Amino acid sequence: MDYQKLIEEIHAEVEQMNLHGQVATYIPELAKMDLHKFGISLITTQGEEFKVGHTNDKFSIQSISKVFTLAMVFPKEKDNLWKRVGVEPSGNAFNSLAQLEYENGVPRNPLINAGALVVTDLLRSKEPDALGAILGFINRLAGTNQIIPNKDIAQSELNHSSRNKALAHFMKSFGNITSPVNELIETYCYQCAIEMTASELAQAFLLFANHGINSLTEQQLLTLSQTKRINAIMQTCGFYDEAGEFAFKVGLPGKSGVGGGIAAVLPNQFSVVVWSPGLNAKGNSLKGMKALELLTTKLGHSVF
Ligand code: GLN
């Protein structure tokens, strides 16, 4: 398969479609992103990278960080994790408060904000330097030590974090958050503000295409069952109230972030990251969704 030719073709095709979308504005620092940026990086499980466009620009991974924290916490907590957070799609916006009330402070899944806050809370309860641990984990997966959060983006989100604080306080009232809310939200905002290039993110995401093995160190970080479950959660919950649409059009486990990144995997074959900051109304990259839809359609391969 000539992946290079394929992704160049897709990049050109999507560029001609006049898809713009909007940058996220509820975190003011994100509103500065350039709508014209568009890059695709695909890395095979053999370690070969194919890329086109803006694959060396750093962008904040935002909600994609939720998959990494899940991958850190799940092997430690094992099935105890599922007492604190569910595995059902929410069908709601990523920062919705609605379900939490009638589901007694237990978030639907770890990939919406409420669920990710529970996961980060669990991490904080075991790791005195939770942010340092997250950075260590991601850097090791990406094979670098250059990945850090963007402080301006973290601060900007912290200054506009009333809703995330509300989620955390509400869950705390049910005993499902143990950290002090301000400290938890600070760790969370910094994990979301971690900046990576599309290439670095595709390298790090290879973990989920590669049976839970860090292909750079050959360390088995997740069991086969844990990898299957994380991929299943990405498939059903990775795109909030558009998870069905993503499965329908693309058919890969993946995760989006409001920084415009989408990371996805075809297990045993490759990981792929598309970055383009223009979002649709659900907070998912417009060009990213389209590029991945074309990728699986042209390849004739998806998890289905
Ligand atoms: N940091 C963002 C928030 O909590 C992440 C949301 C996202 O990427 N969907 O609102």
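Thresholds applied
- Residues numbered from 1 in each chain as written.
- Predicted model: local features only at pLDDT ≥ 70, side-chain atom pairs only at ≥ 80, totals over all residues.
- Heavy atoms only, no water.
- Helix = DSSP H or I, 4+ residues; strand = E, 2+ residues; numbered from the N terminus.
- Buried < 20%, exposed > 50% of the residue type's maximum accessible area, 1.4 Å probe, protein only.
- Pairing = 2+ DSSP bridges.
- Axes fitted to C-alpha atoms, helices over the stretch in contact; angles between N-to-C directions.
- Contact = heavy atoms within 4.5 Å.
- Salt bridge = Lys/Arg side-chain N within 4 Å of Asp/Glu carboxyl O.
- Near = heavy atom within 4 Å.
- Polar contact = N/O pair within 3.5 Å; in protein donor to acceptor, adjacent residues only side chain to side chain.
- Areas by Shrake-Rupley, 256 points an atom, 1.4 Å probe, with all protein chains shown as cover.
- Nonpolar A, V, L, I, M, F, W, Y, C, P; charged D, E, K, R; others polar.
- Phe/Tyr/Trp six-rings, centres within 6.5 Å; stacked < 30°, edge-to-face > 60°.

When you look at unusual backbone geometry in this model, what are you seeing that I'm missing?
One can expect most non-glycine residues to show negative phi and most peptide bonds to be in trans. Its identity is not glycine, yet Asn104 carries a phi of approximately 55 degrees, on the positive side. Following the sequence through the fold, Asn104 ends up in the loop between α4 (98-102) and α5 (113-126). Positive phi outside glycine occurs at His211, with the angle close to 55 degrees. Tracing the sequence through the fold places His211 in the loop between α10 (198-209) and β5 (213-214).

I would appreciate a short explanation of the pairing of strand β9 (residues 270-275) in the present structure.
The side chains of a regular strand alternate between both faces of the sheet. A large share of β9 lies buried, amounting to six of its six residues. Judged by which residues are buried, β9 turns out to be covered on both faces: Phe270, Val272 and Val274 on one side and Ser271, Val273 and Trp275 on the other are all buried. Bridge analysis of strand β1 (residues 39-44) against β9 gives six bridges, and the strand direction is antiparallel. The residue bridging Gly39 from the neighbouring strand is Trp275, located in β9. In the sheet, strand β8 (residues 261-266) pairs with β9 via six bridges, with the strands oriented antiparallel. The residue of β9 that forms the bridge with Ala263 is Val273.

For this particular structure, what's the right way to read the sheet that holds strand β7 (residues 254-256)?
The strands that make up a sheet are held in pairs by hydrogen bonds between backbone atoms, and each pair lies either parallel or antiparallel. Taken together, the five strands give an open sheet; going across it, the order is β2-β1-β9-β8-β7, and neighbouring strands pair in antiparallel fashion. A strand with exactly one partner marks an edge of an open sheet, and here the two such strands are β2 (49-53) and β7. Each strand of the sheet is rotated relative to its neighbour by a mean of 5 degrees, with strand direction disregarded. Those strands touched by helix α1 (residues 3-15) are β1, β2 and β9, and its axis lies near 20 degrees from that of β2.

Please explain the pattern of salt bridges as it appears in this structure.
Two side chains of opposite charge can pair, provided their charged atoms sit close to one another. According to the stated counting rule, one finds 15 salt bridges in the structure shown. In this structure, Asp57 and Lys37 form a salt bridge, with 2.8 Å as the shortest nitrogen-oxygen distance. Within this pair, whereas Asp57 is found in the loop between β2 and β3 (59-60), its partner Lys37 is found in the loop between α1 and β1, the two being separated by 20 residues in sequence. For Lys37, a relative accessible area of 21% corresponds to the partly exposed category. Across the pair Lys282 and Asp241 runs a salt bridge, and its minimum N-O distance is 3.9 Å. Pair noted here: Lys282 is in the loop between β9 and α13 (286-299) and Asp241 is in the loop between α11 (224-237) and α12 (243-249), with a separation of 41 residues, a long-range link. Connected via shared salt-bridge partners are Glu9, Glu13 and Lys298.

Explanation requested: the side chain of Thr197 in the structure shown.
Here Thr197 shows up in the loop between β4 (195-196) and α10. The residues contacting Thr197, other than those within four sequence positions of it, are Thr55, Asn56, Asp57, Lys58 and Phe59.

Would you mind going over the site of the ligand with me for this structure?
Around the ligand lies a shell formed by Tyr26, Gln62, Ser63, Phe94, Asn113, Glu157, Asn164, Tyr188, Cys192, Tyr240, Gly257 and Val258. One nitrogen or oxygen atom from the side chain of Tyr26 is found 2.6 Å from an oxygen atom belonging to the ligand. At a separation of 3.0 Å, an oxygen atom of the ligand approaches a polar side-chain atom of Asn164. Contact with the protein chains covers 99% of the free accessible surface of the ligand, which is 300 Å². Along the lines of polarity and charge, the residues of the shell around the ligand split into six nonpolar, five polar and one charged.

In this structure, what is going on with the side chain of Glu77? I would like to understand it.
Among the structural elements, Glu77 can be located in helix α2 (residues 65-77). Excluding residues within four positions of it along the chain, Glu77 makes contact with Leu122 and Lys126.

Help me understand the packing of aromatic side chains in this model?
Each pair of aromatic rings is reported with the distance of its centres and the angle of its planes. Evaluation of the coordinates by the stated rule reveals 11 aromatic pairs. Between Tyr26 and Phe94, the ring centres sit 5.9 Å apart and the planes meet at 40 degrees, which makes this aromatic pair tilted. You can see Tyr26 sitting in the loop between α1 and β1 and its partner Phe94 sitting in the loop between α3 (81-84) and α4, a full 68 residues away along the chain. Taking relative accessible area as the criterion, Tyr26 reaches 36% and is therefore assigned partly exposed. Judged by relative accessible area, Phe94 falls into the buried class, the value being 12%. For the ring pair Phe68 and Phe205, a centre distance of 5.7 Å and an interplane angle of 85 degrees mean the geometry is edge-to-face. One end of the pair, Phe68, is in helix α2; the other, Phe205, is in helix α10, with 137 residues separating them in the sequence.

Which parts of the structure should I look at to understand the environment of Thr144?
With respect to the helices and strands, Thr144 occurs in the loop between α6 (130-142) and α7 (151-159). The partly exposed category is assigned to Thr144, whose relative accessible area is 22%. Aside from chain neighbours lying at most four places away, what touches Thr144 is Asn139 and Glu200. A polar contact is formed between the side chain of Thr144 and the backbone nitrogen of Gln146, at a distance of 3.0 Å.

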